[in-house]
Amino acid sequence: MKSLRSQIILGLFLLIGAFLPARAAEPRVVIVFGDSITAGSMLPNEDKPKLWVHLVEAQSGGQLQMINEGKGGRPTNSVKEFQDMLPKHPHADLLVLALGTNDSRDISDQCVPKAVANLRAMIGLARGTYGKDLAVLIVGPTNIRKDALGPTKPIADQRDAKLRELGAAYVELAKEVQGEFFSLYGVVPEASLAKDGVHPDAAGNEAIAQAMLPKLMSGLKP
């Protein structure tokens, strides 16, 4: 009798459980280490909510928790800053490195090799902190609008070439570290770069978000 009663109770619990809504999965934590395009430092205050990092989180439907570690003017030569940032975040499912726009001001032959070495060092530090299987997405820098550039307008062609060289080198680095690569070059419409040739407006951030969201979702391991 006792065994029968236990089976009935267990059956009731299973039946009730079948009608309860499934518990929502915890959002996946994505750390984005980038420059002013990640930080949104050039967006006016009223457009801050339209920064691409915020849009991606909102459009993910609760699946992503975006941690914005962007900083204006940051080059890839920020390995120490990256190392100091890691203890602030106890967990990460995906690391996004979105750097290179500021490096493109250096039009020497050393620009690209230095940038690759810096990103390689960051990935090593991150995997030493979060585990060797940490998913990594390396983002190639966005396009610029040469006719709207400020101080670097005289080297607009060379700077644009460096952006494309950085993207090509990041492809190979992603293969080396068994990560993923995604290029933002050509994603931002020219009209969205009218302010200074580099920083996208709200519409440009929307374009970045629409491009980045599917890549971020596919880059996360089950």
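Our subject is the structure listed above.
This text gives an overview of the structure that appears in the document. These numbers come from a predicted model, not from an experiment. (Residues numbered from 1 in each chain as written. Predicted model: local features only at pLDDT ≥ 70, side-chain atom pairs only at ≥ 80, totals over all residues. Heavy atoms only, no water.)

**Looking at the sheet that holds strand S1 (residues 28-34)**
Sheet strands line up and pair through hydrogen bonds in the backbone, either parallel or antiparallel. Filter applied, for reference: The rule for pairing is simple: two strands pair if DSSP sees at least two bridges between them. A run of H or I in DSSP counts as a helix once it spans at least four residues, and a run of E counts as a strand once it spans at least two, with each numbered from the N terminus. Between N-to-C directions, angles cover 0 to 180 degrees, with each direction set by a line fitted to C-alpha atoms, over the stretch in contact for helices.
The five strands lie next to each other as S2-S1-S3-S4-S5, forming an open sheet whose pairing is parallel. Each of the sheet's edge strands pairs with one partner strand only, and the pair in question is strand S2 (64-70) and strand S5 (180-183). When strand polarity is set aside, the average angle formed by the axes of neighbouring strands in this sheet is 20 degrees. Both strand S3 (residues 94-98) and strand S4 (residues 135-140) contribute to a ladder of four bridges, which runs parallel. By the bridge assignment for S4, Leu97 is matched with Ile138.

**Considerations on the packing of aromatic side chains**
Filter applied, for reference: In this analysis, rings of Phe, Tyr and Trp, with Trp reduced to its six-membered ring, are considered paired at centre separations within 6.5 Å, and the interplanar angle assigns stacked below 30 degrees, edge-to-face beyond 60, and tilted for intermediate values. Using a 1.4 Å probe on the protein chains alone, a residue whose accessible area is under 20% of its type maximum counts as buried, one over 50% counts as exposed, and one in between counts as partly exposed. Charge-over-ring contacts are defined here by two conditions on Lys NZ or Arg CZ: a distance within 6 Å of the ring centre and an angle within 35 degrees of the ring normal.
Counted by the stated rule, this structure contains one aromatic pair. Ring geometry for Phe33 against Phe82: centres 5.0 Å apart, planes inclined by 85 degrees, an arrangement best described as edge-to-face. Of the two residues, Phe33 is situated in strand S1 and Phe82 in helix H4 (residues 79-85); the sequence distance between them amounts to 49 residues. Judged by relative accessible area, which is 0%, Phe82 ranks as buried. Looking at Arg74, its charged tip hangs above the ring of Phe33, at a distance of 3.9 Å from the centre.

**Here's the deal with the side chain of Thr76**
Put simply, the test is: Throughout this description, a polar contact denotes any pair of N or O atoms lying within 3.5 Å of each other; where both atoms belong to protein, one of them has to be capable of donating a hydrogen while the other can accept it, and for residues adjacent in sequence the pair is counted only when both atoms sit in side chains. Any two residues whose heavy atoms approach within 4.5 Å at even a single point are treated as in contact.
Within the secondary structure, Thr76 sits in the loop between S2 and H4. Owing to a relative accessible area of 0%, Thr76 belongs among the buried residues under this scheme. A polar contact of 2.6 Å, which involves the side chain of Thr76, links it to the side chain of Asp103. Excluding residues that lie within four positions of it along the chain, Thr76 makes contacts with Leu99, Gly100, Asp103, Lys114, Ala115, Asn118, Leu119, Met122 and Tyr170.

**Points about helix H3 (residues 52-59)**
An α-helical turn contains 3.6 residues, so a residue and the one three or four places further along point in the same direction. For clarity, the cut-off: Here the arc refers to the directions that run from the helix axis out to each C-beta atom.
What H3 keeps buried is the set Trp52, Val53, Leu55 and Val56. For H3, the angular spread of the buried residues around the axis is 165 degrees, confining them to a single face. Against the buried residues of H3 lie S1, helix H2 (36-39), S2 and helix H7 (202-219).

**Let's talk about the pattern of salt bridges**
The following threshold applies: The salt bridge criterion pairs a side-chain nitrogen of Lys or Arg with a carboxyl oxygen of Asp or Glu, the two atoms within 4 Å.
Counted under the stated rule, the structure contains 14 salt bridges. Of the charged contacts, one joins Arg74 and Glu81 as a salt bridge, the two residues approaching to 2.9 Å between their closest N and O atoms. Classification of Arg74 as buried rests on a relative accessible area of 6%. Of the charged contacts in the structure, one is a salt bridge between Asp133 and Lys132, with a shortest N-O distance of 3.6 Å. Grouping residues by exposure puts Asp133 and Lys132 together as exposed. Through salt bridges with shared partners, a single ionic network connects Lys71, Arg74 and Glu81.

**Quick look at the packing of helix H5 (residues 111-130) against helix H6 (residues 156-176)**
What counts is decided by this rule: Each helix crossing is assigned a hand: it is left-handed if the near helix lies turned anticlockwise from the far helix by less than a right angle, otherwise right-handed if that turn is clockwise. Here the nonpolar group is Ala, Val, Leu, Ile, Met, Phe, Trp, Tyr, Cys and Pro; Asp, Glu, Lys and Arg are the charged ones; every other residue, Gly included, is treated as polar.
Remark: H5 packs on H6, axes separated minimally by 10 Å, with the N-to-C direction vectors making an angle of 35 degrees. The chirality of how H5 crosses H6 is right-handed. Seen from H5, the contacting residues are Cys111, Val112, Ala115, Val116, Leu119 and Arg120; seen from H6, they are Lys162, Glu165, Leu166, Ala169, Tyr170, Leu173 and Glu176. For the contact of H5 with H6, the class distribution of residues is nine nonpolar, no polar and four charged.

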